[in-house]
There are 2 protein chains.
Amino acid sequence: MSEWQKIDGGITAPKGYKASGITAGLKPSGAPDLALIISDVEAIAAGVFTTSQVRAACVDYCRQKLEAKPSVRAILCNSGQANAGTGQQGWEDAQDSAKALAAALNIDPDSILLASTGVIGKRIKMEELIAAIPQLVSEVSENGGTAAAGAIMTTDLVMKSIALETQFGDRPVRIGGIAKGSGMIHPNMATMLAFVTCDAAVSPPLWQEMLTRAANRSFNQITVDGDTSTNDTLIALANGQSRTPAITGPGPDADKLEAMLTAVCEHLAKAIARDGEGATCLIEVQVTGAPTEAAAAMVAKTIVGSSLLKAAIFGCDPNWGRIAAAAGRAGVRFDQDKLEISLGEFQLMKNGQPLAFDAAAASNYLKLAKTAAYLQEDTVLIKVKIGDEPGSSKAWGCDLSYDYVKINAEYTT
Amino acid sequence: MSEWQKIDGGITAPKGYKASGITAGLKPSGAPDLALIISDVEAIAAGVFTTSQVRAACVDYCRQKLEAKPSVRAILCNSGQANAGTGQQGWEDAQDSAKALAAALNIDPDSILLASTGVIGKRIKMEELIAAIPQLVSEVSENGGTAAAGAIMTTDLVMKSIALETQFGDRPVRIGGIAKGSGMIHPNMATMLAFVTCDAAVSPPLWQEMLTRAANRSFNQITVDGDTSTNDTLIALANGQSRTPAITGPGPDADKLEAMLTAVCEHLAKAIARDGEGATCLIEVQVTGAPTEAAAAMVAKTIVGSSLLKAAIFGCDPNWGRIAAAAGRAGVRFDQDKLEISLGEFQLMKNGQPLAFDAAAASNYLKLAKTAAYLQEDTVLIKVKIGDEPGSSKAWGCDLSYDYVKINAEYTT
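No experiment lies behind these values; they were computed from the predicted model shown.

(A) Expanded view of the overall build of chain A. Assigned secondary structure in chain A consists of 11 helices and 16 strands. Taken over C-alpha atoms, the radius of gyration comes to 22 Å for chain A, in line with the 22 Å a tight globule of 413 residues would show. Judged by the C-alpha coordinates and their principal axes, chain A covers about 70 × 55 × 35 Å. Within chain A, the proportion of its 413 residues that are buried is 62%. Of all intrachain contacts in chain A linking residues separated by at least 6 positions in sequence, the fraction that spans at least 24 positions is 79%. Of the roughly 14,800 Å² that chain A leaves accessible, carbon and sulfur atoms contribute 50%. A gap of 1 Å separates the mean positions of the 36 positive and 45 negative side-chain charges of chain A.

Dropping the structure here:
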């Protein structure tokens, strides 16, 4: 059915990319903390960044660079310190990082993008970072995707990496991606980072449009706890090394590429939600019957973000009332007499009224789905129909467990 | 300083009101579950209702009655069943309740408002309710405010009632109020109900305007877990029995009355937040320097609703990064270089950058404030300044504890 297949290699699966990930000594734990992604040639670059008014220096830095020039050669990402709330000094640190890497790679500093994740209010350990750049550069390889995926992790329990391949004519086109989520065992770490590489040739505005739409259907539709970070960053590169015809406007080729880009983003987004703090399962909410996709997206995200519902799922309680109540407050008008709700195969509500259902069996579905979800094989599926119109969307989240509270309460600054 | 004083009596403190609260057998627990508030004469009535698209029959019923006629004689409130998600039958049950009470009181059914709280999807136990009306009516008294406050509780741990008195010339004017919050140990119970009585004479549109503003500064600025109920209802009556001059437009008298109305609503709203599920303290967030009051309100409510911050407060962690991050994502533009954050007497951030502070002392402040808060004597106070403009607002919430998860997870339908 799908027009692509999964392949190995993550962000270095597409042609013309190399990556590395090393321990620079930025994290006290000694875990890998510095990642580099390089394209052999200037790659078209698109970005989606945090909407927060409190932003890390690297976010403003990337925005400025992409406004000036929509192509880059490299992305440098550190974990350990977020470089947010660091004022002018943080800005200078960002520039110094890019300059040091540019010198080592012998490229233009304007061709480097930056990302950081870690403790807010902490400057990057610049001495360690600068000292580590020669090793970081020397270790880049066409098999370095996994090392880079590891070095951007903070308290993620699972590495998040994927690559997909499709055919354009007789040539393969590939998209790879890595991400880190919000496994925030340490304080002030809430950042979502994702980097996507693609070897197709796409025009800059089209690539940005595709990425914005893909982000809206993936990363912007997940919630762990409703918090948005100072550092959230999604960057996608397209370097044309597949040697397939350039895609410069709408059409079947653009649709095909965007669908695969969206699939990569959706995979990474779901992996982040599944790995949410204290989560025991991934929850997928599918909303149909809305006036628009955006309206459906709002309803889906409101439901999956409801603390009451998340706690009920943790307790294996098929509590349709909380689903209905969350749908009702999402800010989208609908006729409550048309509301339908299903949990897995169990229809819980129809025409706005509760149906008789086997509560024990539905609870058992939650137990089984959660067990399978924990093994990354299944999802707790909630379907909600709010009317007869064509708008539909999905959102993903996780349940609310004792461990979420524990992780977030038991640290004292 | 304040122009009013606290008095006893709750909703029956103002002149010309009687109330009762009895056990009608609607709740399995045998606790009081039916409340009646009566004004001796037709009282101007204003209401603020849930914005949810999924609404209980009583909410639609009240809206319809108030649109047709802005005055009533009585409010009937049951707990046990929410009468939401009950369709046409629920609507007929609402009408039948009003008719039965109207017959017993010998008044027009159109002069009765209704409220319900309890399990969503359950019809009111009509047989028990109808059978209990004679007792409910016979027990009404000028000292019945406490009984009514008790009968609207569901899983609230603390009864919520207040009365204030001021002078207009040489005559007292009083406002009383009762509320129930969201101590949702049972599933699907998330309703906030509040009833306010006043013996001033006010014109209907002015009374509604005052109530809407007061609700925006109180009930709409609290959050326990971000969920809005199908049944949320605030009704305020003004019956003119203080025999003070009618207030029909803006001016000092209107301002004075509105200030006291707002104080009553704020007291009840804070009591609800303090009694949130699993809460160990009340958190107050004060935001200043915003372009408008509404902008400040959004920032304040976003901060107090952040699960990350709530968990940090539970853990006594003076985590300014989470406060800054929540402020940044509130949807209000501000210059991050002007951000200031204080926790109690500790200034944590200035000019968008973290200050050195005694983390152990700040954590100790949280421990002490929480201990006092538990005794209903103090509040965890967070002050945030986002700029130099005049808009300010407050919001209230509670911390996120293991017990919140326990209460909401450990029930299986």
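Structure shown, so let's carry the discussion forward.
(B) Quick peek at the sheet that holds strand 11 (residues 282–290) of chain B. Residue and element names in this part refer to chain B. One open sheet accounts for 7 strands, arranged 9-16-11-15-12-13-14; its pairing is mixed. Here the strands that pair on one side only, and so sit at the sheet edges, are strand 9 (222–223) and strand 14 (353–354). Bridge analysis of strand 13 (residues 346–350) against strand 14 gives 2 bridges, and the strand direction is antiparallel. Within the sheet, the bridge partner assigned to methionine 349 lies in strand 14 and is proline 354.

(C) Just the packing of aromatic side chains, in detail. Residue and element names in this part refer to chain A. Summed over the entire model, instances satisfying the criterion amount to 6 aromatic pairs over all chains. Taking the centre distance of 5.5 Å and the plane angle of 85 degrees together, the rings of phenylalanine 314 and tyrosine 402 count as edge-to-face. Within this pair, whereas phenylalanine 314 is found in helix 8 (residues 307–314), its partner tyrosine 402 is found in helix 11 (residues 402–409), the two being separated by 88 residues in sequence. On the basis of relative accessible area, tyrosine 402 is assigned to the partly exposed category, the value being 26%.

(D) Representation of helix 7 (residues 293–304) of chain A. Residues and elements named next belong to chain A. Under the 1.5 Å per step criterion, the end-to-end length of helix 7 is 16 Å for 12 residues, consistent within 8% with the ideal 16 Å. For helix 7, every residue scored as buried is listed here: Ala295, Ala296, Ala297, Val299, Ala300, Thr302, Ile303 and Val304. Looking at the buried residues of helix 7, the elements they touch are strand 9 (222–223), strand 11 (282–289), helix 8, helix 9 (320–328), strand 15 (380–385) and strand 16 (389–398).

(E) Structural view of the interface of chain A and chain B. The partner chain B presents 63 residues to the 63 residues of chain A that form the contact. Both sides together, the interface formed by chain A and chain B hides about 4,800 Å², and carbon and sulfur atoms give 52% of it. Connecting chain A to chain B are 0 salt bridges. At the boundary of chain A with chain B, the tally comes to 8 residue pairs in polar contact (both at pLDDT 80 or more). Elements represented by at least two residues in the side of chain A that touches chain B include exactly helix 2 (87–105), helix 8, helix 9, strand 14 (353–354), helix 10 (359–374) and helix 11 of chain A. The greatest single-element share of the side of chain A that touches chain B, amounting to 7 residues, is contributed by helix 9 of chain A.

(F) Up close: the sheet that holds strand 16 of chain A. All names here are of chain A. Taking strand neighbours across the sheet as the criterion, the 7 strands line up as 9-16-11-15-12-13-14 in an open arrangement whose pairing is mixed. Each end of this open sheet is capped by a strand with a single partner; those strands are strand 9 and strand 14. Across the face of the sheet, helix 6 (residues 252–274) comes into contact with strand 9, strand 11 and strand 16 while running at roughly 45 degrees to strand 16. Sitting on the sheet, helix 7 touches strand 9, strand 11, strand 15 and strand 16, and the angle it makes with strand 16 is about 30 degrees.

(G) Quick look at the packing of helix 2 (residues 87–105) of chain B against helix 3 (residues 126–138) of chain B. All names here are of chain B. Following both chains from N to C, one finds helix 2 and helix 3 inclined at 25 degrees, their axes separated by 10 Å at the closest point. For the element pair helix 2 / helix 3, the angle class is roughly parallel. Considering how the two elements wind past one another, helix 2 and helix 3 form a crossing that is right-handed. For the pair helix 2 and helix 3, the contacting residues are Asp93, Asp96, Ser97, Ala100, Leu101, Ala104 and Leu105 in the first and Met126, Leu129, Ile130, Ile133 and Val137 in the second.

(H) Quick look at the domain arrangement of chain A. All names here are of chain A. Its domain assignment divides chain A into domain 1 (5–272) and domain 2 (282–409). The straight-line distance from the C-alpha centre of domain 1 to that of domain 2 is 31 Å. Summed over both sides, the interface between domain 1 and domain 2 buries roughly 1,300 Å², with carbon and sulfur atoms accounting for 51% of that surface. Looking at the side of domain 1 facing domain 2, the largest losses of area belong to Gln221, Thr223 and Lys270, adding up to 46% of the total buried there. Applying the counting criterion to the domain 1 and domain 2 interface returns 2 salt bridges. Applying the counting criterion to the domain 1 and domain 2 interface returns 5 residue pairs in polar contact (both at pLDDT 80 or more). Of the residues contributing to the side of domain 1 that touches domain 2, the split by class is 5 nonpolar, 4 polar and 4 charged.

(I) Quick peek at unusual backbone geometry. Positive phi outside glycine occurs at A:Asn351, with the angle close to 50 degrees. Along the chain, A:Asn351 falls in the loop between strand 13 (346–350) and strand 14. Residue A:Asn351 is classed as partly exposed on the basis of its relative accessible area, which comes to 45%. With phi around 55 degrees, B:Asn83 is a residue other than glycine that occupies positive phi space. By secondary structure assignment, the location of B:Asn83 is in the loop between strand 4 (71–81) and helix 2.

(J) View of the relation of the copies chain A and chain B. Least-squares fitting of chain A to chain B yields an RMSD of 0.0 Å, with the superposition described by an axial translation of 0.0 Å and a rotation of 180 degrees. A rotation of that kind, with that shift, is consistent with a two-fold axis. Proximity to the rotation axis, assessed at the C-alpha, singles out A:Tyr402 in chain A; its C-alpha lies 2.8 Å from the axis. An overlap of 100% is found between the interface residues of chain A and their copies at the interface of chain B, pointing to a shared contact surface.

(K) Broad picture of the pairing of strand 4 of chain B. All names here are of chain B. Extensive coverage of strand 4 is indicated by the burial of 10 of its 11 residues. Where strand 4 lies against strand 5 (residues 112–119), 8 bridges are found, and the strand directions are parallel. Across the sheet, cysteine 77 pairs through a bridge with alanine 115, a residue of strand 5.

(L) Examining helix 8 of chain A more closely. Residues and elements named next belong to chain A. Of all 8 residues in helix 8, 7 are buried, a share of seventy percent or more. Listed in full, the buried residues belonging to helix 8 are Ser307, Leu308, Leu309, Lys310, Ala311, Ala312 and Ile313. Looking one or two places after helix 8, you find cysteine 316, whose phi comes out positive at around 55 degrees.

(M) A look at the nonpolar core. With 93 residues, the main nonpolar core has A:Leu34, A:Phe195, B:Ile303, B:Leu339, B:Ile382 and B:Val384 as its most contacted residues. Apart from residues lying up to four places away in sequence, B:Val384 is in contact with B:Gln286, B:Val287, B:Thr288, B:Ile303, B:Ile323, B:Leu339, B:Glu340 and B:Ile341. Core analysis: the next-biggest nonpolar cluster, separate from the first, contains 92 residues, A:Cys281, B:Cys58, B:Met126 and B:Leu193 among them.

(N) Fine view of the environment of B:Leu366. All names here are of chain B. Along the chain, leucine 366 turns up in helix 10 (residues 359–374). Spatially, the C-alpha atoms of leucine 366 and alanine 200 are 41 Å apart, while their sequence positions differ by 166 residues. Sequence-distant contacts of leucine 366, that is, excluding residues within four places in its chain, are made with Ile313, Cys316, Asp317, Pro318, Leu343 and Val380.

(O) Summary view of the side chain of A:Asp232. Residues and elements named next belong to chain A. Turning to its location among the elements, aspartate 232 is positioned in the loop between strand 9 and strand 10 (233–238). Although buried, aspartate 232 forms no salt bridge, and the nearest oppositely charged side chain, lysine 180, lies 7.4 Å from it. Engagement of the side chain of aspartate 232 in a polar contact is seen with the backbone nitrogen of methionine 192, the distance being 2.8 Å.

(P) Representation of the pattern of salt bridges. A complete count under the given rule lists 28 salt bridges over all chains for this structure. With its nearest N and O atoms 2.6 Å apart, the salt bridge here joins A:Asp275 to A:Lys160. Linking A:Asp275 in the loop between helix 6 and strand 11 with A:Lys160 in strand 6 (residues 160–168), this pair joins segments that are 115 residues apart in sequence. Accessibility expressed as a relative area gives 9% for A:Asp275, which makes it buried. Measuring nitrogen to oxygen at the nearest pair gives 2.9 Å for the salt bridge that ties B:Asp40 to B:Lys18. Taken as a pair, B:Asp40 in strand 3 (residues 34–49) and B:Lys18 in strand 2 (residues 17–22) lie far apart in primary sequence, 22 residues in all. B:Asp40 gets classed as partly exposed once you look at its relative accessible area, which sits at 38%. Each of A:Asp156, A:Lys160 and A:Asp275 takes part in a single network of salt bridges with overlapping partners.

What counts, and at which threshold
- Residues numbered from 1 in each chain as written.
- Chains lettered and ligands numbered in written order.
- Predicted model: local features only at pLDDT ≥ 70, side-chain atom pairs only at ≥ 80, totals over all residues.
- Heavy atoms only, no water.
- Helix = DSSP H or I, 4+ residues; strand = E, 2+ residues; numbered from the N terminus.
- Rg over C-alpha atoms; globule rule 2.2 N^0.38 Å.
- Buried < 20%, exposed > 50% of the residue type's maximum accessible area, 1.4 Å probe, protein only.
- Contact = heavy atoms within 4.5 Å.
- Areas by Shrake-Rupley, 256 points an atom, 1.4 Å probe, with all protein chains shown as cover.
- Lys, Arg positive; Asp, Glu negative; His and termini not counted.
- Charge placed at Lys NZ, Arg CZ, Asp CG, Glu CD.
- Pairing = 2+ DSSP bridges.
- Phe/Tyr/Trp six-rings, centres within 6.5 Å; stacked < 30°, edge-to-face > 60°.
- Expected span 1.5 Å × (residues − 1).
- Buried area = accessible area lost by both parts, 1.4 Å probe.
- Salt bridge = Lys/Arg side-chain N within 4 Å of Asp/Glu carboxyl O.
- Polar contact = N/O pair within 3.5 Å; in protein donor to acceptor, adjacent residues only side chain to side chain.
- Axes fitted to C-alpha atoms, helices over the stretch in contact; angles between N-to-C directions.
- Parallel < 35°, antiparallel > 145°, perpendicular 65-115°, else oblique.
- Left-handed = near helix turned anticlockwise from the far one by under 90°.
- Domains from an automatic or database assignment.
- Nonpolar A, V, L, I, M, F, W, Y, C, P; charged D, E, K, R; others polar.
- Least-squares fit on C-alpha atoms with pLDDT ≥ 70 in both.
- Core = buried A, V, L, I, M, F, W, Y, C linked by side-chain atoms within 4.5 Å.

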